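# Residue-level structural notes
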Amino acid sequence: QEHAGSLEKWSSADLDFHLAIARATQNPFYVILLEPLVGYLYGVIAEPYNLPGATEHGLESHLELLQAIKTHDADRAYRAIIAHLEDSESRLGTYP
């Protein structure tokens, strides 16, 4: 939230969130698969940064996912990540 005014800080914080979730799974294969994509994902995260509502929706999605994880609600976490991915995909499709 505090990094919403800086593309670099926002993208880094976003990636850190995703990597923290990968590490929290304690599944080494998930981390092994995700870490090589970090450079590419940085660009994907950065592309829609200036679109209206992009950072707000991203933050809301992350908070929803985090709350689902904290309460051990797998169904809620699944719904949250699917909604986040669909929202992100729709924003990438509208990027000029």
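Refer to the structure above for everything that follows.
Scope of this entry: the structure provided in the associated data block.

Reading the values: rules and limits
Residues numbered from 1 in each chain as written. Predicted model: local features only at pLDDT ≥ 70, side-chain atom pairs only at ≥ 80, totals over all residues. Heavy atoms only, no water. Helix = DSSP H or I, 4+ residues; strand = E, 2+ residues; numbered from the N terminus. Buried < 20%, exposed > 50% of the residue type's maximum accessible area, 1.4 Å probe, protein only. Contact = heavy atoms within 4.5 Å. Areas by Shrake-Rupley, 256 points an atom, 1.4 Å probe, with all protein chains shown as cover. Salt bridge = Lys/Arg side-chain N within 4 Å of Asp/Glu carboxyl O. Expected span 1.5 Å × (residues − 1). Core = buried A, V, L, I, M, F, W, Y, C linked by side-chain atoms within 4.5 Å. Axes fitted to C-alpha atoms, helices over the stretch in contact; angles between N-to-C directions. Parallel < 35°, antiparallel > 145°, perpendicular 65-115°, else oblique. Left-handed = near helix turned anticlockwise from the far one by under 90°.

Let us now look at the overall build of the chain. What the chain contains, in helices and strands, is five helices and zero strands. Mapped in sequence order, the helices and strands of the chain form the string α-α-α-α-α. For the chain, the residues scored as buried account for 28% of the 96 residues in total. At a minimum sequence separation of 6, the contacts of the chain that also span at least 24 residues come to 61%. Per element, the accessible surface of the chain, about 6600 Å² overall, is 59% carbon and sulfur.

Oppositely charged side chains can pair when the atoms bearing their charge come close. Across all of its chains, the model carries two salt bridges by this definition. Arg 76 serves as the salt-bridge partner of Glu 64, at 2.6 Å between the closest nitrogen and oxygen. Of this pair, Glu 64 sits in helix H4 (residues 54-70) while Arg 76 sits in helix H5 (residues 74-94), and the two are twelve residues apart along the sequence. Among the residues examined, Glu 64 registers a relative accessible area of 31% and is labelled partly exposed. Look at Arg 76 and you get partly exposed, because its relative accessible area is 22%.

Let us look at helix H1 (residues 7-24). The terminal C-alpha atoms of H1, which comprises 18 residues, lie 26 Å apart, in line with the 26 Å expected from a rise of 1.5 Å per residue. The complete set of buried residues in H1 reads Trp 10, Ser 11, Asp 14, Leu 15, Phe 17, Leu 19 and Ala 22. Structurally, H1 contributes buried residues whose contacts are with helix H2 (28-34), helix H3 (38-46) and H4. Of the residues trailing H1, Gln 26 is marked for its positive phi of about 60 degrees.

What follows deals with the nonpolar core. Among the nonpolar cores identified, the biggest contains five residues, and these are Phe 17, Leu 65, Ala 68, Ala 77 and Ala 80. Within the residue set of this core, elements represented by two or more residues are H4 and H5.

For the rest of this paragraph, the subject is the packing of H1 against H3. Running from N to C, H1 and H3 point in directions that differ by 125 degrees, and their axes come no closer than 9 Å. Classed by the angle they form, the pair H1 and H3 counts as oblique. Like other packed secondary-structure pairs, H1 and H3 cross with a definite hand, here right-handed. In contact with Leu 7, Glu 8, Trp 10, Ser 11, Ser 12, Asp 14, Leu 15 and Leu 19 of H1, H3 contributes Val 38, Leu 41, Tyr 42, Ile 45 and Ala 46.

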